[in-house]
Amino acid sequence: MSSADNYAEITARIGAACRASDRQPETVTLVAVSKTFGEEEIRPVLNAGQCVFGENRVQEAQAKWPALKADYPGLVLHLIGPLQSNKAGDAVALFDVIETIDREKIARAVADEMARQGRTLRLYVQVNTGLEPQKAGVAPDEVPAFLALCRAELGLTIEGLMCIPPAEENPGPHFALLEQLARDNAVEKLSMGMSSDFETAIAFGATSVRVGSALFGAR
Ligand SMILES: *Cc1c(COP(=O)(O)O)cnc(C)c1O
């Protein structure tokens, strides 16, 4: 199947998952994760009507998105991979949403760059719901203090929380935990669910799902 066919199928599955949970399909945004794929794979999905894309590396995104942004003015680009503070300026210049704010140094660097560049990005805090040592993200019990720092000290608006559950575990409890943290801390949006579990994430309240391989094929 072509990526445009995959796109139609995923959109239909998101719609069905919304209906199964009594949710409106417009309440869930598909973030098409295009990492490792090039313009020739991305353009058919853009032409099919998709305008929200996710990349996990700043440098890779810089190489392929400026030309596409010029051709598709309504594009919204999400950074979904770890951000190093020396790349904060490049990230703020290119992306519209950063989903991976996970420590004070990065929050400060992004706040400083937004002020310097006069750009306001939408920001998410990544939560390490499985407390995996190799994974980025704020520990669940540190979320309230980290949000307070972002909000009160840095003046940031945190739009949502994001998580990547441990690969070998049932994702449901992780999605439930993220939803609870968002509710307890007055955070509006939930970025959770990937190719293998986006329907489950929608049942637990995801407002955006990050789908890569089911859309573009194996990496
Ligand atoms: C690659 C990636 C995805 C997409 O994963 P698939 O399983 O290919 O859908 C989602 N979120 C993050 C943070 C990723 O790095």
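Refer to the structure printed above.
Residues numbered from 1 in each chain as written. Predicted model: local features only at pLDDT ≥ 70, side-chain atom pairs only at ≥ 80, totals over all residues. Heavy atoms only, no water.

Enquirer: Which residues make up the overall build of the protein chain, and what are the values?
Expert: Tallying secondary structure elements over the protein chain gives nine helices and eight strands in all. Scaling as 2.2 N^0.38, a compact globule of 219 residues should have a C-alpha radius of gyration of about 17 Å, and the protein chain matches this with 17 Å. Residue burial in the protein chain is summarised as follows: out of 219 residues, 52% are buried. Across the protein chain, the fraction of contacts at a sequence separation of at least 24, relative to all contacts at a separation of at least 6, is 59%. On the protein chain, roughly 9900 Å² of surface is accessible, and the fraction owed to carbon and sulfur atoms is 50%. (Helix = DSSP H or I, 4+ residues; strand = E, 2+ residues; numbered from the N terminus. Rg over C-alpha atoms; globule rule 2.2 N^0.38 Å. Buried < 20%, exposed > 50% of the residue type's maximum accessible area, 1.4 Å probe, protein only. Contact = heavy atoms within 4.5 Å. Areas by Shrake-Rupley, 256 points an atom, 1.4 Å probe, with all protein chains shown as cover.)

Enquirer: So what's going on with the site of the ligand? Which residues, and what values?
Expert: All residues adjacent to the ligand are Val33, Lys35, Ile80, Met162, Ile164, Met194, Ser195, Arg210, Val211, Gly212, Ser213 and Arg219. The separation between a nitrogen atom of the ligand and a polar side-chain atom of Arg210 is 2.9 Å. In this structure, Arg219 approaches the ligand through a side-chain N or O atom, which is 2.8 Å from an oxygen atom. Relative to its free-state accessible area of 380 Å², the ligand is covered by the protein chains to the extent of 89%. For the shell around the ligand, the class distribution of residues is six nonpolar, three polar and three charged. (Near = heavy atom within 4 Å. Polar contact = N/O pair within 3.5 Å; in protein donor to acceptor, adjacent residues only side chain to side chain. Nonpolar A, V, L, I, M, F, W, Y, C, P; charged D, E, K, R; others polar.)

Enquirer: I'd like a description of the pattern of salt bridges, backed by residues and values.
Expert: Here the structure, examined in full by the defined rule, presents 15 salt bridges. The salt bridge partner of Glu9 is Arg13, with a shortest N-O separation of 3.8 Å. Of the two residues, Glu9 and Arg13 are both situated in helix H1 (residues 3-20); the distance of four residues between them amounts to about one turn of the helix. Glu9 gets classed as partly exposed once you look at its relative accessible area, which sits at 38%. When its relative accessible area of 27% is taken as the criterion, Arg13 is described as partly exposed. A salt bridge links Arg108 to Glu104; the nearest nitrogen and oxygen atoms lie 2.8 Å apart. Here Arg108 pairs with Glu104, and both are found in helix H5 (residues 104-117), just four residues apart, close to one helical turn. (Salt bridge = Lys/Arg side-chain N within 4 Å of Asp/Glu carboxyl O.)

Enquirer: Go over helix H7 (residues 172-184) with me, naming the residues and quoting the values.
Expert: With 13 residues, H7 extends 18 Å between its outermost C-alpha atoms, agreeing within 8% with the 18 Å of an ideal straight helix rising 1.5 Å per residue. Within H7 the residues assigned to the buried category are Gly172, His174, Phe175, Leu178, Leu181 and Ala182. Contact partners of the buried residues in H7: strand S5 (122-127), helix H6 (143-153), strand S6 (158-163), strand S7 (189-191) and helix H8 (198-203). In the stretch just after H7, Ala186 is the one whose phi turns positive, near 55°. (Expected span 1.5 Å × (residues − 1).)

Enquirer: Would you mind going over the state of the cysteines in detail, with residue names and values included?
Expert: Under the definition given, this model contains zero disulfides. Sulfur of Cys163: no disulfide; nearest cysteine sulfur belongs to Cys18 and is 17 Å away. Since its relative accessible area comes to 0%, Cys163 is described here as buried. (Disulfide = S-S within 2.5 Å.)

Enquirer: I'd like a description of unusual backbone geometry, backed by residues and values.
Expert: Non-glycine residue Asp22 carries a positive phi angle of around 55°. Assignment of secondary structure puts Asp22 in the loop between H1 and strand S1 (29-33). The exposure class of Asp22 is exposed, given its relative accessible area of 76%. Positive phi, normally seen in glycine, also occurs at Leu131, with a value near 50°. Turning to its location among the elements, Leu131 is positioned in the loop between S5 and H6.

Enquirer: So what's going on with the side chain of Ser195? Which residues, and what values?
Expert: Among the secondary structure elements, Ser195 is positioned in the loop between S7 and H8. Look at Ser195 and you get buried, because its relative accessible area is 19%. Within the structure, the side chain of Ser195 is placed 3.3 Å from the side chain of Ser213, a separation counted as a polar contact. Separated by 3.0 Å, the side chain of Ser195 and the backbone nitrogen of Ala214 make a polar contact.

Enquirer: Help me get a handle on the packing of helix H2 (residues 39-47) against helix H3 (residues 58-71), residues and values and all.
Expert: Packed helices, taken two at a time, are described by the angle their axes make and the gap between the axes. One way to put it is that H2 packs onto H3 with a least axis distance of 11 Å and a crossing angle of 30°. Between H2 and H3, the crossing angle belongs to the class labelled roughly parallel. Of the two possible hands of crossing, H2 and H3 adopt the one that is right-handed. Judged by residue contacts, Glu39, Ile42, Arg43 and Leu46 of H2 engage Lys64, Trp65, Ala67, Leu68 and Asp71 from H3. Grouping the constituent residues of the contact of H2 with H3 by class yields five nonpolar, no polar and four charged. (Axes fitted to C-alpha atoms, helices over the stretch in contact; angles between N-to-C directions. Parallel < 35°, antiparallel > 145°, perpendicular 65-115°, else oblique. Left-handed = near helix turned anticlockwise from the far one by under 90°.)

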